[in-house]
Amino acid sequence: MILGVTGTSRGATIEQMRKIRCFIEDNDVKILHHGDCIGVDVQTAKIAEFMGIKTVCHPPSNPAARARHASTVILPEKEYLDRNRDIVDAVDYMIVVPFEKEEILRSGTWMTYRYAKKRDVGRTIIFPDGTLRIEESTIKRVL
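Sequence order as written defines residue numbering, which begins from 1 separately in each chain. pLDDT decides what is reported in this predicted model: residues at 70 or higher carry local features, side-chain atom pairs at 80 or more are listed and counted, and totals for whole chains, interfaces and linings draw on all residues regardless. Side-chain measures here rest on the full set of heavy atoms in the structure, leaving out hydrogens and waters.

This next bit is on the pattern of salt bridges. One side-chain nitrogen of Lys or Arg within 4 Å of one carboxyl oxygen of Asp or Glu is enough to make a salt bridge. In this structure the tally under the stated criterion is 9 salt bridges. A salt bridge links R66 to E77, with the shortest nitrogen-to-oxygen separation between them at 2.8 Å. You can see R66 sitting in the loop between β3 (54-57) and β4 (73-74) and its partner E77 sitting in the loop between β4 and α3 (80-90), a full 11 residues away along the chain. Between buried and exposed lies partly exposed: a residue is buried under 20% and exposed over 50% of the maximum accessible area for its type, with that area taken using a 1.4 Å probe on protein chains only. Judged by its relative accessible area of 14%, R66 is buried. Each of the salt bridges in this network shares a partner with another, and the network as a whole consists of D36, R66 and E77. A helix here means a DSSP run of H or I that spans at least four residues, while a strand means a run of E at least two residues long, and both kinds are numbered starting from the N terminus.

Here it is in structure tokens:
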């Protein structure tokens, strides 16, 4: 599976981190695409790296929240909206790791979630308390 991640720059909770690791272990992830921001992006990239999984970095052009993770592949910088769409377009499945328990409008994490939903990419939301909401794609993909 080619997995993408989007999440809060505040960092994942312990419960979210456990679920991220379990998801990666249980789903034969071969490649992880991330946005190279502090918080969830780099936390997940480090887990993947530790597990020997190839990481692909989609860095933002604004360096303010950039983590500068030494990923396997580092793509050219893009504006947040464009690179978030690129991540969704490159993957089979997304994990969404928000700070909030409810969807909000002015959030890059939730915007990326909505784009994945629009593109019918399967996704799992991992809420701060570790509960999951699984939203499968209606399109049968060959993995």
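What follows deals with the packing of aromatic side chains. Two rings belonging to Phe, Tyr or Trp (six-membered ring only in the last case) form a pair when the distance between their centres is within 6.5 Å. Interplanar angles under 30 degrees mark stacking, angles over 60 mark edge-to-face geometry, and anything in between is tilted. Counted by the stated rule, this structure contains 2 aromatic pairs. Look at F23 and Y93: their rings are 5.4 Å apart centre to centre, the planes differ by 25°, and that puts the pair in the stacked class. Of the two residues, F23 sits in helix α1 (residues 14-26) while Y93 sits in strand β5 (residues 93-97), which places them 70 residues apart along the sequence. For the residue pair F23 and Y93, the accessibility class agrees, reading buried in each case. In our convention, an over-ring charge means Lys NZ or Arg CZ found within 6 Å of a ring centre and within 35 degrees of that ring's normal. Its guanidinium or amino end placed over the ring of F99, R10 lies 3.9 Å from that ring's centre, counting from NZ or CZ.

Next up on the list: the sheet that holds β4. Strands pair, by our definition, only if DSSP identifies at least two bridges between them. A sheet is described by the order of its strands in space; here 7 strands give the open sequence β4-β3-β2-β1-β5-β6-β7, paired in mixed fashion. Every interior strand has two partners, whereas the edge strands, β4 and β7 (132-135), have only one. Of the strand pairs in this sheet, β5 and strand β6 (residues 122-126) are connected by 4 bridges, and their pairing is parallel. The residue of β6 that forms the bridge with I95 is T124. Each of β1 (2-7), β5, β6 and β7 is contacted by α1, which is oriented at about 170° to β5, the strand it contacts most. Taken strand by strand, helix α2 (residues 40-50) contacts β1, β2 (31-34), β3 and β5, and its axis lies near 150° from that of β1. Contact criterion: two residues are considered in contact whenever any of their non-hydrogen atoms come within 4.5 Å of each other. Between the N-to-C directions of two axes lies an angle of 0 to 180 degrees, each axis being a line fitted to C-alpha atoms and, for a helix, fitted only over the stretch in contact.

On their own, these measurements won't tell you what the molecule is for.
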